[in-house]
Amino acid sequence: MKFIKLLFLFCFLINVFSQNLEPITPTDLLSVDKLSGYVLSPDGKYVIFGIKKWNKDTGKSYTHLQYKNIETGEIKILTPSVEGQSDTSPQFSSSFTNILFFQRSNSDIKSSVYYIQFPPVENSEDKNADSSKRLTSYVLPIIDYKIKSKTIAFSTDVYFKCKTMECSADLIEKESKQDYQVYNNLMMFHWDTWLVEGKGTHVFVQYIESSGNNVVIKDTPKDVTQGMELNSPPLFTDSTNYELSNDGTMIAFSGHLRNHEESWTTGFKTYFQNLLTMSNPICITTHTSARTQYPVFSKDGTKLAYLAMKIPDLESEILHFEIYNILTNKLTIVPNEEELSIQGYFWKNDYEIIFYADNFQVYRLFSINLQDPIKPITQKYPVKYPDKSYSLPYFAIKNRNVALARVNAFDTPEKLVLFKYNSKTGVKEEEFEIVEPNKEYWEKKFISEDEMFNFTGGYNDTVYGHFLKPINFDPAKTYPVAVLVHGGPEQAWTQAWGTSWNPQMYTSRGYAVIMVNPHGSTGFGDKFQDDVRYNWGGVPYEDIMLGVSYILDKNSFLDRTRMCAAGGSYGGYMMNWIEGHNDINEKLNKDWTFNCLANHDGIFSHISMFYGTEEIWFPKEEFCDKRHKGCNPWEGPEIRKGFDTYSTERYVNNWKTPMIIIHGGTDYRVQLTEGLSAFTALQMRGVPSRFLFLHEENHWVLRAENQIKWFDEVYKFFDEYTLSNEYEVPEEAKIYKTFNKNYSYWLL
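What counts and how
- Counting restarts for each chain, with residues numbered from 1 along the sequence as it is written.
- With pLDDT at 70 or above as the cut-off, local features in this predicted model cover only qualifying residues; side-chain atom pairs require 80 or more to be listed or tallied, and sums for whole chains, interfaces and linings still use all residues.
- In computing side-chain values, all of the structure's heavy atoms are included and hydrogens and water are not.
- Secondary structure elements are taken from DSSP: a helix is a run of H or I of four residues or more, a strand is a run of E of two residues or more, and numbering for both begins at the N terminus.
- Accessibility here uses a 1.4 Å probe with only protein chains present; expressed as a share of the type maximum, an area under 20% marks a residue as buried, one over 50% as exposed, and anything in between as partly exposed.
- When checking whether two residues touch, look at their non-hydrogen atoms; a contact exists if any pair is within 4.5 Å.
- Here the open area of atoms and residues is found with the Shrake-Rupley method and a 1.4 Å probe, where only the protein chains shown may cover a residue.
- As a rule, the C-alpha atoms of each element are fitted with a line to give its axis, helices using only the stretch in contact, and angles between N-to-C directions run from 0 to 180 degrees.
- Here the angle decides the label: under 35 degrees means roughly parallel, over 145 means roughly antiparallel, 65 to 115 means roughly perpendicular, and every other value means oblique.
- Only Asp, Glu, Lys and Arg are considered charged, only Ala, Val, Leu, Ile, Met, Phe, Trp, Tyr, Cys and Pro nonpolar, and every remaining residue, Gly among them, polar.
- By definition, two strands form a pair when at least two bridges between them are found by DSSP.
- For a helix, the expected span equals 1.5 Å multiplied by the number of residues minus one.
- By arc we mean the arc of the directions from the helix axis to the C-beta atoms, nothing more.
- Aromatic contacts are taken between Phe, Tyr and Trp rings whose centres are within 6.5 Å, Trp giving its six-membered ring; a plane angle under 30 degrees counts as stacked, one over 60 as edge-to-face, and the others as tilted.
- Any Lys NZ or Arg CZ found within 6 Å of a ring centre and within 35 degrees of that ring's normal is scored as a charge over the ring.
- One side-chain nitrogen of Lys or Arg within 4 Å of one carboxyl oxygen of Asp or Glu is enough to make a salt bridge.
- Any two cysteine sulfur atoms lying within 2.5 Å of each other are counted as a disulfide.
- Every residue gets a pLDDT, meaning the predictor's confidence in that residue, from 0 to 100.
- Buried Ala, Val, Leu, Ile, Met, Phe, Trp, Tyr and Cys residues form a nonpolar core when they are joined through side-chain atoms within 4.5 Å.
- Crossovers are marked right-handed if the path from the first strand over the helix to the second runs clockwise, as seen with the strands pointing away from the viewer.

**So, the overall build of the chain**
Helices and strands together make up the secondary structure of the chain, namely 13 helices and 40 strands. Counting every position in the chain, which comprises 748 residues, the buried fraction comes to 58%. Long-range contacts, defined as pairs at least 24 residues apart, comprise 61% of the intrachain contacts of the chain with a sequence gap of at least 6. With the model as given, the accessible surface of the chain reaches about 32200 Å², and the carbon-plus-sulfur share is 51%.

Okay, structure coming up:
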């Protein structure tokens with residue numbers, strides 16, 4: 001009896017404490033400092049990291065560098081905060097006496113590499129003085145860079161027919177003065193940008209030298225991809241697709257050929273080149289037509305690893321390691337028997353690779369010895385207190401198993417931690433926080449605990465999800481429900497703290513949140529992920545409905561008469577699919593319906609998606625069954641059926657649920673016509689609907705003020721149809737008076 005009283009008192013105190021915490025608003029989420037790139041000094045004494053800021057009064061974003069002395073705990077400014085300027089990607093010079101970093105500035109369109117003495121000499125008169133120096137001054141803007149030993153590698157856009165950067169700069173200048181383009185082949189545009197035929201991204205190298213506290217460029221930059229009509233890095237990728245050896249004498253890169261088949265093939269090739277001889281690059285992946293990517297040299301430079309897919313023309317598949325021996329010219333394929341969704345990796349030494357993978361709703365660290373089985377470093381769900389998500393760690397201290405990594409989760413704002421790793425057992429041991437931006441700020445805010453769950457879903461498979469209770473939770477009250485559906489579809493609700501689809505934005509609004517990882521989600525094995533293809537509105541829909549019903553049945557405080565759902569991309573498609581199937585369904589234990597839906601950049605018609613998107617490989621693989629892999633809709637009635645069966649426009653006659661549609665004006669992945677078509681269907685059927693048009697946004701919402709407007713409109717729509725308290729415009733929405741209007745909306 002005494003124990004029960006103590007337990008009741010404990011729960012009461014927790015509830016009282018939580019009710020004193022403030023809700024998180026969109027402005028809170030976007031205004032706080034955010035971690036950017038980071039690096040650990042070779043001696044392990046310092047961590048250098050970027051902090052990204054957004055000024056809600058001016059609408060400008062900027063990033064600057066800071067550093068922390070790990071022994072003293074003192075944090076100091078490395079580069080000053082300048083609105084409109086971004087200092088990112090810190091790296092140590094070969095002498096370790098300077099930090100190199102990448103700078104983009106609104107005042108200088110030619111982004112460049114800078115350097116600064118480290119540790120810096122403080123200016124006694126002005127501690128915020130900028131003592132950095134410019135290293136590169138090319139006629140073309142740098143996109144990204146890497147440095148190893150005395151070699152710097154960088155990528156920039158060039159014309160394939162040019163042999164010098166000056167030639168490309170002249171042609172780009174002429175191009176800027178014309179407002180037309182002529183095309184003979186696909187692809188014409190990508191993501192949010194119109195492309196130019198005969199132009200692409202190439203990798204260059206140049207030698208540098210440290211002299212005291214200065215770094216100087218030597219000779220002229222050399223295009224290692226000269227004469228090759230390809231994008232390297234491939235479109236929509238970055239410097240992870242090229243790598244220098246530790247001594248700077250070799251380079252490896254992955255590239256995607258710019259040819260007639262570029263829009264419907266994904267076969268990135270990986271190349272190796274000796275920079276001492278500047279011989280022609282050697283393609284080391286001629287044995288496969290599937291995608292290969294992310295090459296990384298071993299510490300001694302004798303081996304080259306990269307990640308590879310098994311099936312050609314997919315963009316989402318379980319990856320495995322392949323190891324190319326530079327000395328023997330032999331290739332070793334390392335099977336991914338655990339079917340882990342590998343995201344990134346590096347060589348810890350000449351025989352051990354550390355990688356992180358999306359695994360059962362959490363990004364976890366794993367190690368692999370080339371002759372031993374894969375060993376997890378962090379725990380595997382389900383456990384009572386699972387680890388948070390870990391990014392790729394940074395091992396900088398030679399011969400010591402100490403690493404720096406970014407950690408975050410749906411209920412944990414991002415932070416940097418140092419941890420010790422036992423190389424024999426493969427287990428993470430001691431861990432302590434190094435950098436936690438806004439710690440005191442978040443301690444005043446309500447953050448709902450993420451409760452991971454599992455249930456029996458479609459095909460009788462175990463399906464996983466997340467559940468979060470609302471702010472000021474009282475089990476004696478009832479609460480509205482927000483169901484979030486992720487994009488992809490080959491993605492997952494994996495533990496992470498972000499700005500766009502952060503569930504805390506709904507719990508702070510008074511909603512309980514349910515997020516299901518249906519078939520097609522990553523992190524649950526190859527078959528589970530592959531089950532979404534040719535099945536978009538089938539078993540994944542069943543999983544989501546069964547998962548929501550499971551949580552509703554387990555929690556009587558959830559009001560099944562006040563429920564709305566939201567999703568983007570594939571999640572937006574699912575909103576359209578639910579729109580046509582929002583009925584009671586005994587088979588799915590579904591005695592409830594949604595009151596409203598929010599569709600962000602969702603597909604309306606699979607046929608129009610096929611003919612309108614820039615990446616045609618996507619519908620060719622998603623809407624074709626395995627017998628007709630890579631099919632086209634004109635190839636016969638049976639094949640056409642694969643496009644039509646789960647196309648949402650076939651069910652418009654059932655549309656009746658209020659919906660808000662949000663679409664970006666420069667979204668070329670899912671064209672604007674998809675959102676307009678869905679809105680037209682709703683309007684013509686007399687369904688209450690609203691359309692938020694973000695003129696300058698692509699498939700994502702990148703501008704902070706537009707993200708606030710996004711939440712503002714979705715909040716109003718949800719509140720209206722879940723019978724919440726009368727809506728009141730939040731203070732943060734008033735900032736729109738200081739901005740040029742870059743959105744529009746229509747409603748019925």
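**A word on the packing of helix α7 (residues 539-554) against helix α8 (residues 570-579)**
At a minimum axis distance of 11 Å, the contact between α7 and α8 shows a crossing angle of 80 degrees. Considering the angle they form, α7 stands roughly perpendicular to α8. Facing α7, whose interface residues are Pro540, Tyr541, Ile544 and Met545, α8 presents Tyr570, Met574, Trp577 and Ile578. Taken together, the residues of the contact of α7 with α8 sort by class into eight nonpolar, no polar and no charged.

**Observations concerning the sheet that holds strand β22 (residues 320-325)**
The four strands are arranged β20-β21-β22-β23 in an open sheet whose pairing can be described as antiparallel. Since the sheet does not close on itself, it has two edges, and those belong to β20 (292-297) and β23 (330-334), each with one partner. Averaged over all pairs of adjacent strands, the angle between strand axes in this sheet comes to 25 degrees, irrespective of strand direction. Note: β22 against β23, five bridges, orientation antiparallel. Within the sheet, the bridge partner assigned to Ile323 lies in β23 and is Thr332.

**Considering the sheet that holds strand β29 (residues 402-409)**
Across a sheet, strands are paired by hydrogen bonds formed along the backbone, either parallel or antiparallel in direction. The four strands are arranged β28-β29-β30-β31 in an open sheet whose pairing can be described as antiparallel. Both edges of this open sheet fall to β28 (389-390) and β31 (427-435), since each of them pairs with a single strand only.

**Description of helix α12 (residues 672-684)**
With 13 residues, α12 extends 18 Å from end C-alpha to end C-alpha; this agrees with the ideal 18 Å at 1.5 Å per step. Those residues of α12 lying buried are Glu674, Gly675, Ala678, Phe679, Ala681 and Leu682. One face of α12 carries all of its buried residues, which in axial projection span an arc of 155 degrees. Within two residues after α12, Gly686 carries a phi angle of roughly 75 degrees, on the positive side.

**A closer look at the side chain of Asp358**
By secondary structure assignment, the location of Asp358 is in strand β25 (residues 352-359). With residues up to four places along the chain from it excluded, the contact list for Asp358 reads Ser341, Gln343, Tyr363, Ala492, Thr494, Thr522 and Gly523.

**A few points about the environment of Gly37**
Along the chain, Gly37 falls in strand β1 (residues 34-40). Assessed through its relative accessible area of 26%, Gly37 is described here as partly exposed. Separated by 52 residues in sequence, Gly37 and Ser89 place their C-alpha atoms 5.4 Å apart.

**Some details on the packing of aromatic side chains**
According to the stated counting rule, one finds 57 aromatic pairs in the structure shown. Ring centres 5.4 Å apart and planes at 55 degrees place the aromatic pair Phe679 and Phe691 in the tilted group. Pair noted here: Phe679 is in helix α12 and Phe691 is in strand β39 (residues 689-694), with a separation of 12 residues, a long-range link. Taken individually, Phe679 and Phe691 each receive the classification buried, so the pair is uniform in this respect. Cluster of aromatic residues (ring-pair linked, three or more members): Trp536, Tyr570, Tyr573, Trp577, Phe610, Tyr611, Phe618, Phe623, Trp634, Phe643, Tyr646 and Tyr651. Lying over the aromatic face of Tyr242, Lys146 brings its terminal NZ or CZ to 5.9 Å of the ring centre. Directly above the aromatic system of Trp592 lies the positively charged group of Lys590, at a separation of 4.6 Å from the ring centroid.

**Points about the pattern of salt bridges**
Counted according to the given criterion, the structure contains 38 salt bridges. One salt bridge connects Asp526 with Lys310, and the closest N-O pair in it is separated by 3.6 Å. Of this pair, Asp526 sits in helix α6 (residues 526-530) while Lys310 sits in the loop between β21 (303-308) and β22, and the two are 216 residues apart along the sequence. Salt bridges here are not isolated pairs; linked through shared partners, they connect Arg690, Lys709, Asp712, Glu713, Lys716 and Glu720.

**A short note on the state of the cysteines**
A full pass over the atoms with the stated rule returns three disulfides. With a sulfur-sulfur separation of 2.0 Å, Cys564 is cross-linked through a disulfide to Cys596. Sign of the S-S torsion, about 115 degrees for the bond between Cys564 and Cys596, identifies this disulfide as right-handed. In this pair, Cys564 is assigned in strand β36 (residues 558-568) and Cys596 in strand β37 (residues 596-600), connecting sequence segments 32 residues apart. Residue Cys564 is classed as buried on the basis of its relative accessible area, which comes to 0%. Taken in N- to C-terminal order, the disulfide-linked cysteines of the chain are connected 1-2, 3-4, 5-6.

**So, the confidence of the model for the chain**
Mean pLDDT over the chain stands at 89; residues scoring 70 or higher make up 90%. A low-confidence stretch, residues 1-14 (pLDDT under 50), is modelled with zero contacts involving residues beyond four sequence positions or located in other chains. pLDDT under 50 marks residues 381-386. Its contacts with residues more than four places away, or in other chains, come to nine contacts.

**Section: the pairing of strand β33 (residues 462-468)**
Burial of β33 is extensive: six of the seven residues sit out of reach of the surface. Taking the residues that link successive antiparallel strands as the turn, the strand β32 (residues 450-456)-β33 hairpin has five residues, and the phi of Tyr459 there is positive, at about 60 degrees. By the bridge criterion, five bridges tie β33 to strand β35 (residues 512-517) in an arrangement that is antiparallel. Directly across from His466, in β35, lies its bridge partner Met515.

**Details of the side chain of Thr507**
Here Thr507 lies in helix α5 (residues 504-507). Given the relative accessible area of 0%, Thr507 is considered buried. Excluding residues within four positions of it along the chain, Thr507 makes contact with Phe446, Ser448, Leu468, Lys469, Pro470, Ile471 and Val513.

**Focus on the nonpolar core**
Among the nonpolar cores identified, the biggest contains 67 residues, and Val483, Ile514, Trp536, Met574 and Phe594 are the most heavily contacted of them. The dominant element in this core, judged by the number of residues it contributes, is α7, at seven residues. Contact partners of Trp536, with chain neighbours within four places excluded, come to Pro489, Tyr570, Tyr573, Met574, Ile603, His606, Phe618, Glu622, Phe623 and Tyr646. The next biggest cluster of nonpolar side chains, apart from the first, holds 30 residues, and it includes Leu468, Trp493, Val513 and Met515.

**Side note on helix α13 (residues 704-721)**
With 18 residues, α13 extends 26 Å from end C-alpha to end C-alpha; this agrees with the ideal 26 Å at 1.5 Å per step. With 15 of 18 residues buried, α13 lies mostly within the body of the structure. Of the residues trailing α13, Leu723 is marked for its positive phi of about 55 degrees.

**Observations regarding the pairing of β37**
Most of β37 sits inside the fold, with five of its five residues counted as buried. Bridge count between β36 and β37: five bridges; the pairing is parallel. From the neighbouring strand, Gly568 faces β37, where its bridge partner is His600. With α8 bridging β36 and the parallel β37, this β-α-β connection has right-handed handedness. Pairing of β37 with strand β38 (residues 659-664) involves four bridges; the strand directions are parallel. Opposite His600, over in β38, you have Ile662 as the bridge partner.

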